[in-house]
Structure formats: structure tokens, C-alpha cells
Amino acid sequence: MALVAGLLLSDVSTTMSLGAVLLILVLYLLYSGTSSQKAQKEPPGPKPLPLLGNLLQMDLRRVHESLCDLSKKYGSVFTVYFGSKKVVVLAGYKTVKHALVNYADVFGGRDIPPLYHDLANGYGILWANGGNWKVMRRFALAALRDLGMGKRNSEEKIIEETHYLKDVFEKFEGKSFDTTHPVNVAISNIICAITFGNRFDYEDPKFKLMVNRGNENMKNAVSIPLQLYNMFPKIFPRTRNWKELVNNVDNTVNEMQQICNSLKETLNLSVSRGLIDSFFIRKALGENDVHFHEKNLLFTVSNLFIAGTDTTSTTLRWGLFFMAKYPLIQAKVQEEIDRVVGSRLPVMEDRKNLPYTDAVIHETQRLANIVPMSLPHITTCDIQFEGFFIKKGTSVIPLLTSVLKDENEWESPDKFNPAHFLDEDGHFVKSDAFMPFSAGRRVCLGESLAKMELFLFFTSLLQYFQFTPPPGVSEDQLDLTPSVGFTLNPSPHELCAVRRNRSP
Ligand code: HEM
Ligand SMILES: *[C@@H]1O[C@H](CO)[C@@H](O)[C@H](O)[C@H]1NC(C)=O
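Residues numbered from 1 in each chain as written. Chains lettered and ligands numbered in written order. Predicted model: local features only at pLDDT ≥ 70, side-chain atom pairs only at ≥ 80, totals over all residues. Heavy atoms only, no water.

A.B. asks: Could you give an account of the site of ligand 1, naming the residues involved and the relevant values?
C.D. replies: Taken together, 27 residues lie around ligand 1, and Arg 137, Ser 374, His 377, Ser 438 and Cys 444 are the ones closest in. Between a nitrogen atom of ligand 1 and a main-chain N or O atom of Ala 307, the distance comes to 3.3 Å. The separation between an oxygen atom of ligand 1 and a polar side-chain atom of Ser 438 is 2.6 Å. Mapped by element, the contributors of at least two residues to the shell around ligand 1 are helix 6 (130–146), helix 13 (294–308), helix 14 (310–325) and helix 18 (447–464). The residue inventory of the shell around ligand 1, partitioned by class, reads 14 nonpolar, 9 polar and 4 charged. (Near = heavy atom within 4 Å. Polar contact = N/O pair within 3.5 Å; in protein donor to acceptor, adjacent residues only side chain to side chain. Helix = DSSP H or I, 4+ residues; strand = E, 2+ residues; numbered from the N terminus. Nonpolar A, V, L, I, M, F, W, Y, C, P; charged D, E, K, R; others polar.)

A.B. asks: With reference to specific residues and values, describe the coordination of the iron atom of ligand 1.
C.D. replies: Among protein residues, the single donor to the iron atom of ligand 1 is Cys 444 (SG), with a metal-donor distance of 2.3 Å. Mapped onto the secondary structure, Cys 444 falls in the loop between helix 17 (400–404) and helix 18. (Donors = N, O, S within 2.8 Å, 3.2 Å for Na, K, Ca; no water.)

A.B. asks: Please set out the pairing of strand 8 (residues 465–468) residue by residue, giving values where relevant.
C.D. replies: Residues in a regular strand project their side chains so that they alternate between the two faces of the sheet. Side-chain alternation along strand 8 places Phe 465 and Phe 467 on a buried face and Gln 466 and Thr 468 on a face that remains uncovered. With 4 bridges connecting them, strand 8 and strand 11 (residues 496–499) associate as antiparallel partners. Bridging across to strand 11, Thr 468 finds its partner in Cys 496. (Buried < 20%, exposed > 50% of the residue type's maximum accessible area, 1.4 Å probe, protein only. Pairing = 2+ DSSP bridges.)

A.B. asks: An account of the packing of helix 8 (residues 180–195) against helix 9 (residues 205–221) is requested, with residue identities and associated values reported.
C.D. replies: Here helix 8 crosses helix 9 at 105 degrees, and the two axes come no closer than 11 Å. The angle between helix 8 and helix 9 places the two elements in the roughly perpendicular class. Note on element contacts: helix 9 touches helix 8 through Phe 207, Met 210, Val 211, Asn 212 and Asn 215, opposite His 181, Asn 184, Val 185, Ser 188, Asn 189 and Cys 192. (Axes fitted to C-alpha atoms, helices over the stretch in contact; angles between N-to-C directions. Parallel < 35°, antiparallel > 145°, perpendicular 65-115°, else oblique. Contact = heavy atoms within 4.5 Å.)

A.B. asks: Explain the layout of surface pockets residue by residue, including any values.
C.D. replies: Size it by volume and the second largest pocket reaches roughly 720 Å³. In this structure, the second largest pocket is lined by 31 residues; those nearest its centre are Cys 68, Thr 401, Ser 402, Lys 405 and Asp 414. Looking at the lining of the second largest pocket, the elements with two or more residues in it are helix 3 (63–74), helix 4 (93–102), helix 14, helix 16 (355–368) and helix 17. With 6 residues, the single largest contributor to the lining of the second largest pocket is helix 3. Grouping the constituent residues of the lining of the second largest pocket by class yields 11 nonpolar, 11 polar and 9 charged. (1 Å grid on protein atoms, 1.4 Å probe; cavity = no way out; pocket = protein on both sides within 12 Å on 5 of 7 lines; lining within 4 Å. Points joined across faces, edges and corners; volume = space filled by probe spheres on them.)

A.B. asks: Help me get a handle on the site of ligand 2, residues and values and all.
C.D. replies: Lining the immediate environment of ligand 2, one finds Asn 268, Ser 270 and Val 271. For ligand 2, an oxygen atom lies 2.4 Å from a polar atom in the side chain of Asn 268. At 3.4 Å, a side-chain N or O of Ser 270 approaches an oxygen atom of ligand 2. Alone, ligand 2 offers 360 Å² of accessible surface; in the complex the protein occludes 22% of this. (Areas by Shrake-Rupley, 256 points an atom, 1.4 Å probe, with all protein chains shown as cover.)

This is the structure we're talking about:
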């Protein structure tokens, strides 16, 4: 201000040149620009470089951790630039909940990165907004509910699958193996059962191809060239990776189309075998919303596979990994299962009588923190939030890591501690800051299904097997540092699944 006043005075006292007038004009505009920003204060943040934004201030392999560090300096609502893309980050339980739950509509849009726009064209649920999203989310939730998601029907399907998974584990005869593939196909089969109405044999070539392609797509989607394409779509062209991924997704969608066609041919209007049947039955009964069409169905089904397979199987693998690392905790889980369930198969009814086991599963989800930044949201209108102005159409990251490890909410945020979910008498207690499925309008659609899968797979595997590190590897050597992919995974490792004496 002093500088501006000084310039004005000196210029007024001399003859005004055109240059001076322009200079005053520019300064005036700059000044009025900053003053209007003061009235609408935007969230603070580190100073961005041109083009690169704050990329150099972040560890791109662990963005969620860099963002947690930045929140210590800039507070619970702050701005960062990924390249030239501006993003507002929400950190800590109070702020994330405040935004996603109390302002559910404002913070409930999905920011769709360019790659996902190319792949899905706004169809389905995951990478969709507006009518497409609303109609398909509502349909999927209703269909899953009717099919018994979180209830008896899916319970039976999951229990059936636990047998097949136990068989695969048992074939290793206690020798160490990588749990990734077997767990992945078992969990994938649950989504098959729920959408198509049937499971597949693990050796079925069609099924293998489908699972492998899914995994490949996910690996590809988070590869560096495609990350760069998402950040700088105008600068980084569509490379070979882009074409490969688009082709793969096209193939997947075509395959889904074939499965849909054959289900349609054998449809019986009075029996729904799965979510796809439910779609055609509803259509036959006269549902005629403009968004309720087959293309939207195909993308919805592939969303369920993408969102429901890797997440659940990664979490289950973290659970087994933690058990191998903490044998005393594993022993307590097994003691409880033996005492309460005995040698029959565990069912959902048992959960309320297995508080310690339930706490261990919750603690697994909390510490594993597999979707650390949730999925990107977008504001649907201008908002004044916690003292800051956020414009409509701003990308928002709900930093779930900062909730699941919030120092104000958890006694020992960085330690595997089942007591986070137990009271003094050993009863299970809920915690509001347990938010691995996010919250609000976009909360995970498969939450109750995932919880059921985790409980049934975890208890039946621990009832049957003792999990240990490979011979010659100590528990301390099991490294908790996650490897980053589509989700946060345990670093590559092998475990032994040793048959227990007391098991059925
Ligand atoms: C342990 C397992 C799982 C975890 C940790 C998990 C976590 C999440 C998270 C963090 C989101 C993003 C929410 C947001 O945008 O704020 C999400 C969305 C979603 N999840 Fe899950 N999920 C799991 C299992 C599943 C399963 C089994 C299914 C399928 C039945 C599923 C289907 C979806 C769908 C369709 C969405 C998109 C919702 C929308 O955009 O409206 N998830 N999940
Ligand atoms: C359709 O299912 C119902 C109920 O299970 C059965 O009674 C009926 O015979 C089936 N119709 C056809 C054409 O298969």
C-alpha cells in the first residue's frame, strides 16, 4: 500500500505520462484483485511453481503422506497444485466428516480425471455424475439389497467360496506362498456370484483371463505415463499405454456384453439370479428412465468388479499379514473363535460374540488404510467452508489417512492395536473416525458386502490355519511399508498357512 501511495503522489506532482497512467491502472487492478480475495479467503497452501505447481514438494510415490505433512503446516483445509490442477485437501476426522456428511451435496460430486473420462464416458457409478450416477447408484444399491447384500443369500455364497479358498491354501501343505492370486480370485468370484448369478472354477480360462485383465488394467491405470496424462492432458499425448488400456477396457466391456446377452436369453421374469437379471427384469416391468440403459449397466457392472475386488482382497491380505506379524494377537483371535464357534463354520450371527476378532478386523482396515485419499470429489457449488471460500468445480481430496490416523481420535495411531475398538470389559466399541469406506453421498456402495466378506473369510481362514512368516524369516522382518498401486498393498511377501489341530 505504501508503495502504491508513494507512486501516486510522485506521479501526480509531475506531468502524467501515458506509461504512468497505465502503471496506476495495473496497480489498481492488482490491488482490487487482492482485496476481493480477502473478502473471500481461499484455503492456504504452499506456493505453487508455474506449470509444476507443488509437485516438487510432494513424494509422488506417497502423495497421501506428503499431504498429511502439509496439513500439519497449513491446517485442515488447504490448497495444493498437482501441476496446474488446483486441489483442496480436507484433513482430520472433524473436517472430513463436516464436509462429506454435513455438506453432503456440495462435496458429493465426483471429479473425473481425463483418463477415466476417456474410458467410461460418464457412464456407470464410479466415474459418473448427475443422472447417470443417481439412477445407477440407486439401482445397484436396491439390487444388491434385494439379492441379500449383507444378508443370508450373499452369506451363503461367501461361505461357499471360503471352502474353495481354504482348499487352495491347503494345497501348499504349509509351505510359503504368495497369497495375492488365490485371495484375488476368491473375492472376484463373490462379485461374479452377485452380478451374474454364478461363480467360476478358478481354472476356468475365461475367468482367468477376466481376472488377469482386470489386474493389468489397474496396474496400467496408475503407471507414470497415465498419471502424467491425467495431470497434463494437453501436454502429454495419448501414448501406447493409453491405447492399450482403452483397448483392454473395450474388450472387458464387450465380454460383459456377451455375458449380459446370454443371461437375457435365459431370463425368467420371476427369478433374479443376480444384478444383471434384476436390470432386465426391471426394464421388462416398464422402467423407462433415460439413464436406465444397457451401456450404463455394462459400466456399472465393471465398476463393481474394479471397486469391489482389489479393495477387499488387499484388506484381507493385510489381515493375514498382520496375524503372521503379531502371533500373540493371532493366538487371541483363534482362542476366541475356538471358544465361541468351535469346529462348525463361522456365520454372520457369530460376529456379536467375537468382539476381539471384530476389533482385529476393524484395526486391520484402519491401519491398512488402503484407499488413503479416497477418490477425488468435486464441489457442486460455491461454498464458504470453515472460514474459506471454495469455488464450484474445485477438486477435493478427502484425506482418509488423516482420519484413520488422526492423533485426536486414536490412542496409538501408527500401531496395530485392537484395543482401539474395545472397551475395558472387552466389548466391541464403534469409532466415528473409522472411515475406510469414506462417508456421505459417495460413501462406498459395497460397504456392507465388504464387511461381510472380510468377517467370513477372515474367521474361517483363522479357524483353519495358523499364519506364519516363511521359515528363516522373523516376524520383525515382515515390513509394514506399503507398496503403492491402485490401493495400498502389503509389500510383496510370502506366508505359510499351517493347518491347525482344532479346525473342522
Ligand atoms: C474393504 C473393501 C472396500 C473399501 C475399503 C472400499 C472403499 C471405498 C472408497 C474409499 C470409496 C470412495 C468413496 C468416495 O468417493 O468418497 C469407494 C467407492 C465405491 N465402492 Fe468401495 N470399498 C470396498 C469394497 C467395495 C465393494 C465390495 C464394492 C462392490 C460391491 C464396492 C463398490 C464401490 C463403488 C461402486 C464405489 C463408488 C461410489 C460412488 O461413486 O458413488 N466397494 N469404496
Ligand atoms: C420361472 O420361475 C418360476 C419360479 O421358480 C417357475 O415356476 C417357472 O416355471 C419358471 N418359468 C420358466 C419359463 O422357466
